[in-house]
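Breakdown of the fold
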Amino acid sequence: MAPSRTSTPTQWSADFDTSRRERLFRNPPRDHTAYPALVDATQPHIQSFNALLGNGQLLAAAIRDIGTKSFLHQRPEANAAAAQDGEGLEPAQGNRLSLRIREVFVEKATIPPANKYSTKNREIYPAECRERHATYRGKLRIRLEYRVNAGQWQESVRDMGQIPIMLKTNRCHLENCTPAQLVQQKEESEEFGGYFIVNGIEKLIRMLIVSRRNFPMAIVRGSFVDRGGTYTKYGMQIRSVRPDQTSQTNVLHYLADGNITFRFSWRKNEYLVPVMMILKALVETNDREIFEGIVGNLGSQGVENTFMADRVELLLRTYKSYNLLGKARTRAYLGEKFRPVLGVPDDMKNEDVGTEFLRKVVLVHLGNVDVSQSQDIDKFKLLLFMIRKLYSLAAGDCAVDNPDAVSNQEVLLPGFLYGMLIKEKFEDWLRSVQGACEDWIRTSGATFTDPGFLRDFTSKILRRTNENIGSLVEYFLSTGNLVSSTGLDLQQTSGYTVVAEKINFYRFISHFRMVHRGSFFAQLKTTTVRKLLPESWGFLCPVHTPDGSPCGLLNHLAHKCKVTTRDLDVSPIPRLLAGLGVSDLSSASTDEKVVVQLDGRIMGFCAPEQAHTIADTLRYWKVQGSHDVPVELEIGYIQNSKGGQYPGIYLFSQAARMIRPVKYLPLDAEDSVGPFEQPYMSIACTDNEIESGESTHVEYDPTNILSIVANQTPFSDFNQSPRNMYQCQMGKQAMGTPGTSLRYRTDNKAYLLQTGQTPIVRPPLYNEYGLDNFPNGVNAVVAVISYTGYDMDDAMIINKSAHERGFGHGTIYKTKIVRLNEDRSKRSAHAVTKLFGFAANSHVPAHVRAKLDADGLPYIGSQINEGDILASCYTVTWEPTKHGFINRDGQNELHKYKDPETAFIEEVRVLGSETGNEPCQAISIKLRVPRAPVIGDKFSSRHGQKGVCSQKWPAVDMPFSESGIVPDIIINPHAFPSRMTIGMFVESLAGKSGALHGLAQDASPWRFDEDHTAGHYFGEQLRAAGYNYHGNEPMYSGITGGEFAADIYLGVVFYQRLRHMVNDKFQVRTTGPVTQLTGQPIKGRARGGGIRVGEMERDMIIPGLGCVRVAGAF
Amino acid sequence: MSREAYVAPTSAFNTGTTVDPGPGLTTQYICGDCNQKVLLKQGDGIRCKECGHRILYKERTKRMVQFEAR
Ligand SMILES: [Zn+2]
């Protein structure tokens, strides 16, 4: 079958498919990947980055939000006059410079025009950046427009440096490459991108959990009380998100006297405003309208709610003391107060500053650019709703919304965070132009209207600003530190990026499915944020979280969970809702009217009975695809309850939501379900559990709740749950196959298992994710027997012959970079001070010459030991007369190999510069360290059963079965009773019968039950092959030849070799370096230090061992 | 901090050689993009003469490489 003629099939089963896989490997497809599931895994990363400059155009929205910045320059005497006048300056009194960014461009990575040598291909591909330890980045440019006073807008295209580009996005050369083309570009055939390359290291921005956007959340927090005298624990918080994905959190605080204040944070400072002032500033309103908006119209049941009516009355009454009447005066008052913090031009009227305040701070999701009157009304209505919900929270009529539940959370996507950062850097830069202008005015003595200004503006003034935004962004990626003047409405300043380690493929893919709760929560003493809540079902994997300090904070997405990356078209929804009977008439009584919201906009109200019908109708329509209702719309219908969550219909259509596919029973079609709506839906887990008249949905497969890695644990439903968690950790630490393009990678340290196999026992998802391309362990014949005594306490015995056949044989590749220009700031050809090689007429000792070639670099294939020379260089100076470099001192500087292990030179790369004319200033040497398994190396099965190799036992002395099978591994039976990893027993059975019959065994969890047991199913297979039904066999001692008294459990289990090896860990010392101060041995294995005998160890030695004489030593 | 590690005695007969680079001490590399052989002198700009690629690989040595088999 020629791969080009027919489309590459993408359906996979649990079968071995050896020839199909081999064909794919030899002829990478020329149409599309054979593993679409793998591509889907990184979509949240890639699509969110694409939204920056693609159709979503987040950066375009960002520069709209930044708007026009204007700076005023006036004579000092005019300044003094302005100070007297509260209403700001008249425009005539100063000259104004206005700036705005009109467009943002990001180019693909290319070599700079200064390089005249590359004629064929001027594109820089990611593989080159990995090999050259460079950053994969593209030019960032903006079109800046500026004018003086009311003059013509002038434009200038500014170069803002180069920003790192995420792989496989719309600014990457690999975006639409087929597997065949990817291989051509030195990538994996299944490269899925989603990360950046910074200084040759693969970095990714990890996904963070943030509160659900545009949903007023009822919060009870003890710390609110500490804010001041009358503050109570009740609050109403909304994370309001602008179209450019930046957010502004608004909080309403309930005060003990019934008043409510509005709190927000602006440029890392907190501000409080009476909520009434904001209401009155938003629209031209009156007390009656506000009262009815909160409590309900006269004659509604809401008026009978005296708790609320009393407090609203008080709210209105206390506000009277401000004596601000009308929208204009309120805005002017707000403007006057917030003028210093908003950074507006001095001549802006107070009322306009107030408008600017409302635009930038108050419920920004309802309008943040050119806010229209109807948008202000929307903000007004939502604020009234929030007040109403806050009062009913304080009255105890509604429950708090749990901020730790996934239903009230969304994901901060990497691309969006990247855009937020770039937006902020743009804004900071625009602000910095003012300072540069002032400098210019001070030195030149002129003003904006001088002809010299426009001449100097681009050439001199902008030059003085830091236009290199690219380097700021690169700093963010390489350190993960967020340097921000606003804080970006986020709770942490560091830890945003992680290295995408390619220890093995599980590790690598897990990075892209990882969601972190935020490093702020890691310090909390309470464990509430770490709890596994039922709301997470199907969105976050319950198994795949590390143990220890990040437990429960670092989660992984379930493998079918997707994250939306664009806003849906919901324009028909308001019309549909109106047609379904949603009206403006509201009431504080939820028995009478409940709210209908779309993305935090009040669409209207309806009766509770009506709400049920509306939600059902919308759901039917969206799955059906009729009435232009998008299927990814989330319909959160919260029913009326006594003291439960505040009822209503909350529709969500925007980006960053988690969604997952579930079958909708009425139409037998795929519905997408979000975490907000899920708790109020009846989703059957299996077809058998469908209850007529009750269930509306059914899961496609119960394994959908598990992450990619957790799904690979065979028969995980037989295991005690912590063992499955341990396996998720150990699977990611196994020595495996990081990739097939190892030749073009320069990882600091890469682990490779030479003899990887496909597991006999595996779920169908193993093939769907193409994991056979990255084998992670070997199938081993395992006997569970206590033999020789060397298998105590989780030790395991390896058959020496198996070891000699290559069982678990591995290799470590280390890359060492030798740089000559450590100070990389100076970058011109004439700043070269050193060159590789030997200085002319210098003396080179024989042992150096034996190791190094004439160019001062090591011979490829040669062996090196500790202290051997890796490279030689010498100092040079540029001699213009000879047009070359000459050496003056005749000395060679030698670079040594400092590691204690013997290694072999695998590759030596001579790295050039982007410009192509610099002499060699850096080399990258890849070393190969062979690592055959030795005693002390760590192995594990896929059931959290790790052990250390304690002996390599000669095959002649190993026990053997009646058919002559000698186990590869012996483990102790005591490993099982307390750990209850029954899945390992089942795997052993399944592996044995699979090996005997040549079958790939489906190991998916939840395929067996009490009537149809796994033991019986595989037992019958074993019986058919002529083996014992139970998996036990009579075995004979290899030493005596006598049969054991008991039958031994013998089967085939997939074993992983973990990367923790004694050779990296052993620490021995007799004498050695000591600390100057105390004379005690220094610490640290790398420096030849000792191991601390601590207090606890001391306690054990003195009384326990009775070493009275030792006691004096402590 | 002093390191009292064992240091092997340096052999007295290890005299070594003196490098005489001469005018054209060149080494041959392989282009990372087009696989062409690239001859470079010390101090030359690092690029492939054919395609301008910026990464060159060192060739495997032609000397005999022999290890003790264990
Ligand atoms: Zn070339």
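Residues numbered from 1 in each chain as written. Chains lettered and ligands numbered in written order. Predicted model: local features only at pLDDT ≥ 70, side-chain atom pairs only at ≥ 80, totals over all residues. Heavy atoms only, no water.

**Digging into the side chain of A:Ser484**
Residue and element names in this part refer to chain A. Its location among the elements puts Ser-484 in the loop between helix H16 (469-479) and strand S14 (497-499). In this structure the side chain of Ser-484 is engaged in a polar contact, spanning 2.6 Å, whose partner is the side chain of Glu-424. If we skip the residues at most four places from it in the chain, Ser-484 touches Lys-268 and Glu-424. (Helix = DSSP H or I, 4+ residues; strand = E, 2+ residues; numbered from the N terminus. Polar contact = N/O pair within 3.5 Å; in protein donor to acceptor, adjacent residues only side chain to side chain. Contact = heavy atoms within 4.5 Å.)

**Let's talk about the pattern of salt bridges**
Residue and element names in this part refer to chain A. As enumerated under the stated definition, the model contains 75 salt bridges over all chains in all. Between Lys-851 and Asp-868 there is a salt bridge, with the nearest N and O atoms lying 3.3 Å from each other. Highlighted residues: Lys-851 in helix H24 (residues 846-851) and Asp-868 in the loop between strand S34 (863-864) and strand S35 (869-875), separated in sequence by 17 residues. Residue classification places Asp-868 among the buried residues on the basis of a relative accessible area of 16%. For the salt bridge of Arg-942 with Glu-987, the shortest nitrogen-to-oxygen distance reads 2.9 Å. Of this pair, Arg-942 sits in the loop between strand S41 (938-941) and strand S42 (946-953) while Glu-987 sits in helix H25 (residues 982-997); the two residues are 45 residues apart in sequence, bridging distant segments of the chain. For Glu-987, a relative accessible area of 1% corresponds to the buried category. Residues joined in a network through salt bridges with shared partners are Asp-65, Arg-242, Asp-244, Glu-356, Arg-359, Lys-360 and Lys-423. (Salt bridge = Lys/Arg side-chain N within 4 Å of Asp/Glu carboxyl O. Buried < 20%, exposed > 50% of the residue type's maximum accessible area, 1.4 Å probe, protein only.)

**With respect to the nonpolar core**
The tendency in soluble globular proteins is for nonpolar side chains to be buried as a group. Residues and elements named next belong to chain A. If you look at the biggest cluster of nonpolar residues, it comprises 118 residues, and the most contacted ones within it are Tyr-418, Phe-426, Phe-457 and Met-658. With 14 residues, helix H14 (residues 414-444) is the single largest residue contributor to this core. Those residues within four positions of Met-658 in sequence are excluded, and the remaining contacts are Ile-209, Val-406, Val-411, Phe-539, Leu-540, Leu-557, Cys-561, Lys-562, Val-563, Val-673, Gly-674 and Pro-675. The next biggest cluster of nonpolar side chains, apart from the first, holds 65 residues, and it includes Tyr-254, Met-308, Leu-390 and Tyr-646. (Core = buried A, V, L, I, M, F, W, Y, C linked by side-chain atoms within 4.5 Å.)

**Quick look at the interface of chain B and chain A**
In this assembly, 38 residues from chain B lie in contact with 61 residues from chain A. Together chain B and chain A conceal approximately 3900 Å² of surface at their shared face, both sides included; 52% is due to carbon and sulfur atoms. At the boundary of chain B and chain A, one finds three salt bridges. Across the salt bridge formed by A:Asp855 and B:Lys58, the nearest N and O atoms sit 3.1 Å from each other. (Buried area = accessible area lost by both parts, 1.4 Å probe.)

**A word on the domain arrangement of chain A**
How big an interface is tends to be reported as the loss of accessible area on association of its parts. Residues and elements named next belong to chain A. The domain architecture assigned to chain A consists of domain 1 (34-209 + 413-506), domain 2 (211-406), domain 3 (568-705), domain 4 (725-809 + 935-1062), domain 5 (820-929) and domain 6 (1074-1113). With centres defined by C-alpha atoms, the gap from domain 1 to domain 2 works out at 34 Å. Taken residue by residue, the interface counts 25 residues in domain 1 and 22 residues in domain 2. Here domain 1 packs against domain 2, burying approximately 2100 Å² in sum over the two surfaces, 44% of which is carbon and sulfur. Where domain 1 meets domain 2, there are four salt bridges. (Domains from an automatic or database assignment.)

**Looking at the packing of helix H8 (residues 275-282) of chain A against helix H11 (residues 326-342) of chain A**
For any two helices packed against each other, one specifies the inter-axial angle together with the distance between the axes. Residue and element names in this part refer to chain A. Closest axis-to-axis distance for the H8/H11 pair is 7 Å, and the angle between their directions is 125°. The pairing of H8 with H11 is recorded here as oblique in orientation. The two elements H8 and H11 meet at a crossing, and its hand is left-handed. Across the interface between the two elements, Met-277, Lys-280, Ala-281 and Leu-282 from H8 touch Lys-327, Thr-330, Arg-331, Tyr-333 and Leu-334 from H11. Classifying every residue of the contact of H8 with H11 by side-chain character gives five nonpolar, one polar and three charged. (Axes fitted to C-alpha atoms, helices over the stretch in contact; angles between N-to-C directions. Parallel < 35°, antiparallel > 145°, perpendicular 65-115°, else oblique. Left-handed = near helix turned anticlockwise from the far one by under 90°. Nonpolar A, V, L, I, M, F, W, Y, C, P; charged D, E, K, R; others polar.)

**Digging into the coordination of the zinc ion**
Residue and element names in this part refer to chain B. Coordination of the zinc ion by the protein involves Cys-31 (SG), Cys-34 (SG), Cys-48 (SG) and Cys-51 (SG), with metal-donor separations of 2.1 to 2.3 Å. Coordination at the zinc ion comes from four donor atoms whose angles at the metal span 106 to 116°, giving a geometry best classed as tetrahedral. Linear spacing of the donor residues for the zinc ion on their chain is C-x2-C-x13-C-x2-C. Under the relative-accessibility criterion, Cys-31 is labelled buried at 0%. The partly exposed category is assigned to Cys-34, whose relative accessible area is 23%. (Donors = N, O, S within 2.8 Å, 3.2 Å for Na, K, Ca; no water. Tetrahedral: all angles 85-135°; square planar, octahedral: opposite > 155°, others 65-115°.)

**Regarding empty space enclosed by the protein**
This structure, assessed with the given rule, holds seven cavities of 30 Å³ or more. Computed from the structure, the largest cavity encloses a volume of approximately 170 Å³. If you go around the largest cavity, you meet 16 residues; those closest to its centre are A:Cys920, B:Tyr29, B:Lys41, B:Gln42 and B:Gly43. Counting only elements with at least two residues in the lining of the largest cavity, the list comes to strand S32 (834-836) of chain A together with strand S2 (26-31) and strand S3 (37-41) of chain B. A breakdown of the residues in the lining of the largest cavity according to their chemical character gives ten nonpolar, three polar and three charged. Lining the second largest cavity we find A:Asp794, A:Ala795, A:Met796, A:Gln945, A:Lys946, A:Gly947, A:Ile971, A:Asn972, A:Ala975, A:Met984 and A:Tyr1055. (1 Å grid on protein atoms, 1.4 Å probe; cavity = no way out; pocket = protein on both sides within 12 Å on 5 of 7 lines; lining within 4 Å. Points joined across faces, edges and corners; volume = space filled by probe spheres on them.)

**Details of helix H1 (residues 18-26) of chain A**
The periodicity of an α-helix, 3.6 residues per turn, causes residues three or four places apart in sequence to face the same way. When we look at burial in H1(A), the residues that qualify are A:Arg20, A:Arg21 and A:Leu24. Across the axial projection of H1(A), the buried residues extend over an arc of 95°, all falling on one side. (Arc of directions from axis to C-beta.)

**As for helix H17 (residues 505-512) of chain A**
All names here are of chain A. With eight of its eight residues buried, H17 lies for the most part within the structure. For H17, every residue scored as buried is listed here: Phe-505, Tyr-506, Arg-507, Phe-508, Ile-509, Ser-510, His-511 and Phe-512. Where H17 starts, the residue carrying a side-chain oxygen 2.9 Å from the main-chain nitrogen of Tyr-506 turns out to be Asn-504.

**Some details on the sheet that holds strand S5 (residues 196-198) of chain A**
All names here are of chain A. Spatially, S5-S6-S14 is the arrangement adopted by the three strands of the open sheet, whose pairing is antiparallel. The open sheet has two edge strands with one neighbour each: S5 and S14. Within the sheet, the average angular offset between the axes of one strand and its neighbour, ignoring direction, is 40°. The sheet contact formed by S5 and strand S6 (residues 201-205) spans three bridges and is antiparallel. Across the sheet, the residue bridging to Val-198 is Ile-201, located in S6. (Pairing = 2+ DSSP bridges.)

**Let's talk about unusual backbone geometry**
Residues and elements named next belong to chain A. Positive phi, normally seen in glycine, also occurs at Arg-267, with a value near 50°. With respect to the helices and strands, the residue Arg-267 is situated in the loop between strand S11 (260-266) and strand S12 (269-274). The partly exposed category is assigned to Arg-267, whose relative accessible area is 25%. With a phi angle near 75°, Thr-788 is a residue other than glycine that sits in the positive phi range. Inspection of the secondary structure puts Thr-788 in the loop between strand S29 (778-784) and strand S30 (795-799).

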